[in-house]
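Spelled out, the chains give:
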Amino acid sequence: MKDVERAAGGVLYRRAADRVEVCLVHRPRYDDWSLPKGKLAGGEHPLAGALREVEEETGAAAVPQLRLPDTDYALPDGRPKNVAYWLMAAASDGPVQDPAEVDELAWLPLAEAAARCTYPDERTVLAGVAALPPVTAVVALVRHARAGERKNWAGRDELRPIDPVGAKQADRIAALLTSLRPRRLVAATPLRCTQTLEPLATALGDRPIVRDAAFAEPARPEDVPARVAAARARLAELRGFERVVVCSQGKLMPHLLASLLGEADHRPFKTPKGDGWLLTWSGETLLGASRL
C-alpha cells in the first residue's frame, strides 16, 4: 500500500460588517482557487501544520476553533492524500509569506467562496461550515504531563512533580496551544497539573494559572458523578471567557467527556498523559470534541 501524503489547512474566516467572509488563495502554479493548506513536515502535529500553512499562505495568524471533516483523494501519481482541516478565526493580518506559492487572496461570503473554489471536496468542507452556528467558546482540555510513578513518590501525591519527559510534553502543549490565545488557564489542584501549564503561561506573558478542585480526580469511584457535575458546572462558567485551557486528570476526563457528549461508555475517551481535546461550543451546544 502506498504511503498516505498528509497535509493540513484551514477555513479561515473573519467578520466584516454584518457578514462572515472566508479566505481563498490563488496558486499560480495550478491556476486554482483553494483553501489554504499544505504538506506536514516530518512529525508535525496536524493542527500546528494547519496553522503554519494558513499563516504562510494568507499572512494571517489564526485561532483554531473546530476540527472539520478531513478530505481524502488520490494524487496524479496515484498516491493517497489526506488533508485535515480546522475552522479558524483570523486574529491578525500580514503579508503572504510565500508569494511564489500564492499570488492573490480573496475574502468572500461563504456562498461566493464555494462558487469560486476549484475543488468539489473543498466545496463540501465549506458547505459544512455554512451549516454551523457561530462558535462562542473553545476549551482545550488536557491531561497533565507525565509525573513518574505514584508508587515511587514518597511524599503527598498532590505534590508529585512532572518528570523530564513530562517537561517536554508541557513544552509541546505550550507550542500547540499558544495559538488559541487563551484568556484563562485553569489547573486541577495537584502540582503536576499547574506545572503542565507553566510553559504555556510563560509563552502568554506570565498569564496566571487558577487552581480549581472541580477538575481534580475524585478520591473514590463513587464520587465520580458528583465531580463530573462540578466540572461541567465550572466549564459552563469558563465558557464566558471564550478561550480557555484546562488541565485535568486521567480518572476524571473520560467520564467528563462522555457526559458532555451524551455517551454511556467513558472508555473511548481515555486520554494519555500530555494529550487532550479541543472542545467547541455554540452557546450551550457542544459542536465538537476532537483529540489533540
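Just above sits the structure.
In this text, all values refer to a predicted model and were calculated from it rather than measured experimentally.

Novice: Please set out the environment of Ala-115 residue by residue, giving values where relevant.
Specialist: For Ala-115, the location among the structural elements is in helix α2 (residues 110-116). Residues Ala-115 and Leu-66, spaced 49 residues apart in sequence, show a C-alpha to C-alpha distance of 23 Å.

Novice: So, the sheet that holds strand β11 (residues 243-248): which residues are in play, and what are the values?
Specialist: One open sheet accounts for six strands, arranged β10-β9-β11-β8-β12-β13; its pairing is mixed. Each edge of the open sheet is held by one strand with a lone partner, namely β10 (209-211) and β13 (285-291). Averaged over neighbouring strand pairs, the angle between their axes works out to 20° when direction is ignored. Of the pairings in the sheet, the one linking strand β9 (residues 184-187) to β10 comprises three bridges and is parallel in character. Bridging from a neighbouring strand, Ala-187 pairs with Arg-211 of β10.

Novice: Could you give me a rundown of the nonpolar core, with the residues and numbers involved?
Specialist: Ranked by size, the top nonpolar core spans 81 residues in total, and within it Val-11, Leu-177, Phe-215 and Val-246 carry the most contacts. With seven residues, the top contributor of residues to this core is strand β6 (residues 80-90). Contact partners of Val-246, with chain neighbours within four places excluded, come to Val-139, Ala-140, Leu-141, Val-142, Val-186, Phe-215, Leu-235 and Leu-238.

Novice: An account of the packing of aromatic side chains is requested, with residue identities and associated values reported.
Specialist: Taken as a whole, this structure holds one aromatic pair when the rule is applied. Where Phe-269 meets Trp-277, the ring centres are 5.8 Å apart and the plane angle is 50°; that geometry is what we call tilted. Across this residue pair, the class does not change: Phe-269 and Trp-277 are buried. Of note, Arg-116 hangs over the ring of Trp-33, and the distance from its end group to the ring centre comes to 4.9 Å.

Novice: Please set out the pattern of salt bridges residue by residue, giving values where relevant.
Specialist: Using the criterion set out here, one finds 24 salt bridges in the structure. Between Arg-146 and Asp-163 there is a salt bridge, with its nearest N and O atoms 2.7 Å apart. One end of the pair, Arg-146, is in the loop between β8 (137-143) and α4 (164-177); the other, Asp-163, is in the loop between β8 and α4, with 17 residues separating them in the sequence. Judged by relative accessible area, which is 37%, Arg-146 ranks as partly exposed.

About the criteria used
Residues numbered from 1 in each chain as written. Predicted model: local features only at pLDDT ≥ 70, side-chain atom pairs only at ≥ 80, totals over all residues. Heavy atoms only, no water. Helix = DSSP H or I, 4+ residues; strand = E, 2+ residues; numbered from the N terminus. Pairing = 2+ DSSP bridges. Axes fitted to C-alpha atoms, helices over the stretch in contact; angles between N-to-C directions. Core = buried A, V, L, I, M, F, W, Y, C linked by side-chain atoms within 4.5 Å. Buried < 20%, exposed > 50% of the residue type's maximum accessible area, 1.4 Å probe, protein only. Contact = heavy atoms within 4.5 Å. Phe/Tyr/Trp six-rings, centres within 6.5 Å; stacked < 30°, edge-to-face > 60°. Lys NZ or Arg CZ within 6 Å of the ring centre and 35° of its normal. Salt bridge = Lys/Arg side-chain N within 4 Å of Asp/Glu carboxyl O.

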